[in-house]
Amino acid sequence: MKPAALLLAPVPDFLTDPLSEVCQVHDYYHTEDKQELLNAVGPQIRAVIMYGASMASDKLLDRLPALEIISVYGVGYDGVPLDYCRRRGIHVTNTPDVLTDDVADIAMGLVLMTSRRLAVAERFVRAGQWLEGTFPLAHALRGKTAGIVGLGRIGKAIGERLSAHGMKVAYHGRTPQAVDYPYCESVTGLAEMADFLIVACPGGPGTRHLINAEVLAALGPEGTLINIARGSVVDEQALVEALETGAIRGAGLDVFEKEPEIPAALLGSDRVVLLPHVGSGTHETRRAMAMLCVANVAAHFANEPLLTPVS
Ligand code: NAP
């Protein structure tokens, strides 16, 4: 008999189809009576598939006493209670690397969109305003400094793209790395020297509101914040205030604190570019993520080494 797996997220068919070849799949996310489902199959569930940002509570996992592996469909795993999993000996895997280029492309896109005001320019054309006059000048990238918060896989790929656009790159993380970019010990120090502050670190309690009013003040009135990491890393209320008072020039955001809900002040502002969490949202990358997510589950039940375990 195939091992039982529980879906905690609305994953695509190109994940569930190959997963069904390995597991008996139960769709917790779309099931109306979740308690009934847990009563019926909870004790048999040996694998869980979930998004990294949505929370798998201890209370829910307590209902799955036979759980052996949580396979995250994504690279971030801030929604997984790692200490709890460690205590119970539950393996956790994610999908690193395969999404790096797409997410870095979106970060670069947001840098271009904010500096050249591309979304505003596009709305200008559609509204017929070009017939009345030319679009105001924007800002160049060459020679500007970008500060990357979290120089990991995605941060480094963003650095390559920024360098190709003639920008200087510096970074902040918990530890300095053997790279050519200058290291900044504090995120405020990095913000002070940056024209663009680009957030690419993990979410979770360790980075909650790392970008706060003080950091935004240090970024300054000619600075722009880009966030492709997690909404929780930025104090959104402080960001709204910084934009309204002109403490910073603009922001490009792919992620939000309470997504898909976005504060009205951001929705109504021409100083921000807003994307609906599409960092890894391409056919190619989502399929590669799905394959890796399933391959980890398959490897586990075949008693083979996990491909991408979370350490
Ligand atoms: P990664 O390779 O693990 O890189 C994370 C980097 O963040 C590391 O360099 C780490 O360096 C740094 N970091 C960790 N804690 C930090 C802290 N408290 N302050 C500053 N830096 C810190 O991960 P990745 O593959 O690049 O992914 C990064 C994140 O991007 C994911 O966790 C996810 O949340 C987000 N993401 C978003 C999308 C999207 O659709 N928008 C898609 C994929 C991923 P140190 O250990 O030296 O601190």
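Residues numbered from 1 in each chain as written. Predicted model: local features only at pLDDT ≥ 70, side-chain atom pairs only at ≥ 80, totals over all residues. Heavy atoms only, no water.

Going by the annotation in an unreviewed UniProt entry, the name recorded for the chain is Lactate dehydrogenase-like 2-hydroxyacid dehydrogenase, with Prosthecobacter fusiformis given as the source organism. Within the UniProt record for the chain, the comment given under Sequence similarities (unreviewed entry) is "Belongs to the D-isomer specific 2-hydroxyacid dehydrogenase family." (UniProt positions renumbered as here; feature names shortened; annotations may be inferred.)

Draft legend 1. Structural view of the UniProt feature "domain: D-isomer specific 2-hydroxyacid dehydrogenase NAD-binding" (unreviewed entry) in the chain. The sites that UniProt annotates as "domain: D-isomer specific 2-hydroxyacid dehydrogenase NAD-binding" (unreviewed entry) are residues 108-279. Taken end to end, residues 108-279 is 33% helix and 15% strand, and its first and last C-alpha atoms sit 11 Å apart. (Helix = DSSP H or I, 4+ residues; strand = E, 2+ residues; numbered from the N terminus.)

Draft legend 2. A look at the sheet that holds strand β1 (residues 4-7). In spatial order, the strands read β2-β1-β3-β4-β5; together these 5 strands make up an open sheet with parallel pairing. Looking at the sheet topology across the chains shown, the edges are occupied by β2 (24-27) and β5 (91-93). When the angles between neighbouring strand axes are averaged without regard to direction, this sheet yields 20°. For strand β4 (residues 69-72) and β5, the ladder comprises 3 bridges, and the chain directions are parallel. Note that in β5 the partner of Ser-71 across the bridge is Thr-93. Where helix α1 (residues 13-22) meets the sheet, it contacts β1, β2 and β3 (45-50), and its direction lies at approximately 165° from that of β1. Of the strands in this sheet, β1, β2 and β3 are in contact with helix α2 (residues 34-41), which crosses β2 at around 155°. (Pairing = 2+ DSSP bridges. Axes fitted to C-alpha atoms, helices over the stretch in contact; angles between N-to-C directions. Contact = heavy atoms within 4.5 Å.)

Draft legend 3. Local environment of the environment of Thr-282. In this structure, Thr-282 sits in the loop between β11 (272-274) and α12 (283-301). C-alpha separation for the pair Thr-282 and Ala-127, spaced 155 residues apart in sequence, amounts to 30 Å. Within the structure, Thr-282 has its side chain in polar contact with the side chain of Asp-102 (distance 2.5 Å). (Polar contact = N/O pair within 3.5 Å; in protein donor to acceptor, adjacent residues only side chain to side chain.)

Draft legend 4. Broad picture of the UniProt feature "domain: D-isomer specific 2-hydroxyacid dehydrogenase catalytic" (unreviewed entry) in the chain. According to UniProt, the feature "domain: D-isomer specific 2-hydroxyacid dehydrogenase catalytic" (unreviewed entry) maps to residues 26-310 in the numbering used here. In the segment residues 26-310, helix accounts for 36% and strand for 14%; the C-alpha atoms at its two ends are 24 Å apart.

Draft legend 5. Examining the pairing of strand β6 (residues 145-149) more closely. Buried residues dominate β6, accounting for 5 of its 5 residues. Residue alternation in β6 divides its side chains into two sets, Thr-145, Gly-147 and Val-149 and Ala-146 and Ile-148, and both sets are buried. Here β6 runs beside strand β7 (residues 168-172); their pairing, made up of 5 bridges, is parallel. Bridging across to β7, Thr-145 finds its partner in Lys-168. For the crossover that starts at β6, traverses helix α7 (residues 153-164) and ends in the parallel β7, the hand is right-handed. Where β6 and strand β8 (residues 196-199) come together, 4 bridges link them in parallel fashion. Residue pairing for β8: Ile-148 is matched across the bridge by Ile-198. (Buried < 20%, exposed > 50% of the residue type's maximum accessible area, 1.4 Å probe, protein only. Right-handed = clockwise from strand over helix to strand, strands pointing away.)

Draft legend 6. Expanded view of the nonpolar core. Counting residues in each nonpolar core, the largest one holds 41 residues, and the members touching the most others are Leu-15, Leu-19, Val-111, Ile-158 and Leu-162. The element that contributes the greatest number of residues to this core is helix α5 (residues 100-115), accounting for 6 residues. Looking at this core, you find at least three residues from each of domain 1 (4-94 + 283-302) and domain 2 (99-274). Once you skip the residues sitting within four places of it in the chain, Leu-19 turns out to touch Ala-5, Leu-7, Val-25, Ile-49, Val-294 and Val-297. Formed by 30 residues, the second largest nonpolar core is a distinct cluster that contains Cys-184, Ile-211, Leu-239 and Leu-253. (Core = buried A, V, L, I, M, F, W, Y, C linked by side-chain atoms within 4.5 Å. Domains from an automatic or database assignment.)

Draft legend 7. Highlighting the side chain of Asn-94. Relative to the elements of secondary structure, Asn-94 occurs in the loop between β5 and α5. Residue classification places Asn-94 among the buried residues on the basis of a relative accessible area of 5%. For Asn-94, the side chain forms a polar contact with the main-chain oxygen of Val-75, separated by 2.9 Å. Ignoring anything within four residues of it in the chain, the contact list for Asn-94 reads Val-72, Gly-74, Val-75, Tyr-77, Leu-292, Asn-296, Thr-308 and Val-310.

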